[in-house]
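One-letter residues, chain by chain:
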Amino acid sequence: MTTTAEDTATLSTRQRAKLRSRLVDDHKATELLISRLVSDLDSFQHSRQDAPVDDEHDPEGPTLAFERSQSTAILGQTRIHLSQIESALEHIDGGTYGVCVTCHKPIPVARLEVRPYSTQCVGCASKVR
Ligand SMILES: [Zn+2]
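Please read all numbers here as calculations on a predicted model, not as lab measurements.

A look at the environment of Ile74
With respect to the element layout, Ile74 can be found in helix H3 (residues 60-94). With 37 residues separating them along the chain, Ile74 and Leu37 place their C-alpha atoms 8.0 Å apart.

Written as structure tokens, this is what we have:
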């Protein structure tokens, strides 16, 4: 056994705790956003069922359809974000946080400060297309 863990540890316990609480806050906010988007989509669904389907003069028609597709897109992105946060929290609790999942090199603290949910270093993240 070498001191590898110590060599790759770029985060102090305090920094890790700070990032963890940011992730927990973000997780709460993201869950809230998801439930709001879901209920938005629900209400779109209802207004579409209530509204006469063939009324071309309904000014709400295209707007609702547009908003609905926007909300669906945002919901999809938000769900991905939530799973990123959850995976980052798992990494923190599992002791593997701050290490790139692809190349196993430490992720710079500056990157984690900007994106606490990062599980890849900049080099590997930019390779994923
Ligand atoms: Zn990497």
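Still more ground to cover, so stick around.
Points about the UniProt feature "zinc finger region: dksA C4-type" (unreviewed entry) in the chain
UniProt feature "zinc finger region: dksA C4-type" (unreviewed entry): in the numbering of this structure it lies at residues 100-124. Segment residues 100-124 splits into 36% helix and 0% strand. End C-alpha atoms: 8 Å apart.

Focus on the pattern of salt bridges
On inspection of all chains with the given rule, the structure shows two salt bridges. The salt bridge involving Asp93 is made with Arg20; its shortest N-O contact spans 3.1 Å. Taken together, the residues span a long stretch of sequence, with Asp93 in helix H3 and Arg20 in helix H2 (residues 13-50) at a distance of 73 residues. We classify Arg20 as partly exposed; its relative accessible area is 31%. Of the charged contacts, one joins Arg22 and Glu113 as a salt bridge, the two residues approaching to 3.7 Å between their closest N and O atoms. Linking Arg22 in helix H2 with Glu113 in helix H4 (residues 109-114), this pair joins segments that are 91 residues apart in sequence. Judged by its relative accessible area of 31%, Glu113 is partly exposed.

Brief notes about the coordination of the zinc ion
The zinc ion binds to the protein through Cys100 (SG), Cys103 (SG), Cys121 (SG) and Cys124 (SG); the donor distances cover 2.2 to 2.3 Å. Classification of the site at the zinc ion rests on its four donor atoms, whose angles at the metal span 105 to 119°, yielding the label tetrahedral. Sequence positions of the donors to the zinc ion reduce to the motif C-x2-C-x17-C-x2-C. In this pair, Cys100 sits in the loop between H3 and H4 while Cys121 sits in the loop between H4 and helix H5 (122-127), placing the two residues 21 residues apart along the sequence.

Analysis parameters
Residues numbered from 1 in each chain as written. Predicted model: local features only at pLDDT ≥ 70, side-chain atom pairs only at ≥ 80, totals over all residues. Heavy atoms only, no water. Helix = DSSP H or I, 4+ residues; strand = E, 2+ residues; numbered from the N terminus. UniProt positions renumbered as here; feature names shortened; annotations may be inferred. Salt bridge = Lys/Arg side-chain N within 4 Å of Asp/Glu carboxyl O. Buried < 20%, exposed > 50% of the residue type's maximum accessible area, 1.4 Å probe, protein only. Donors = N, O, S within 2.8 Å, 3.2 Å for Na, K, Ca; no water. Tetrahedral: all angles 85-135°; square planar, octahedral: opposite > 155°, others 65-115°.

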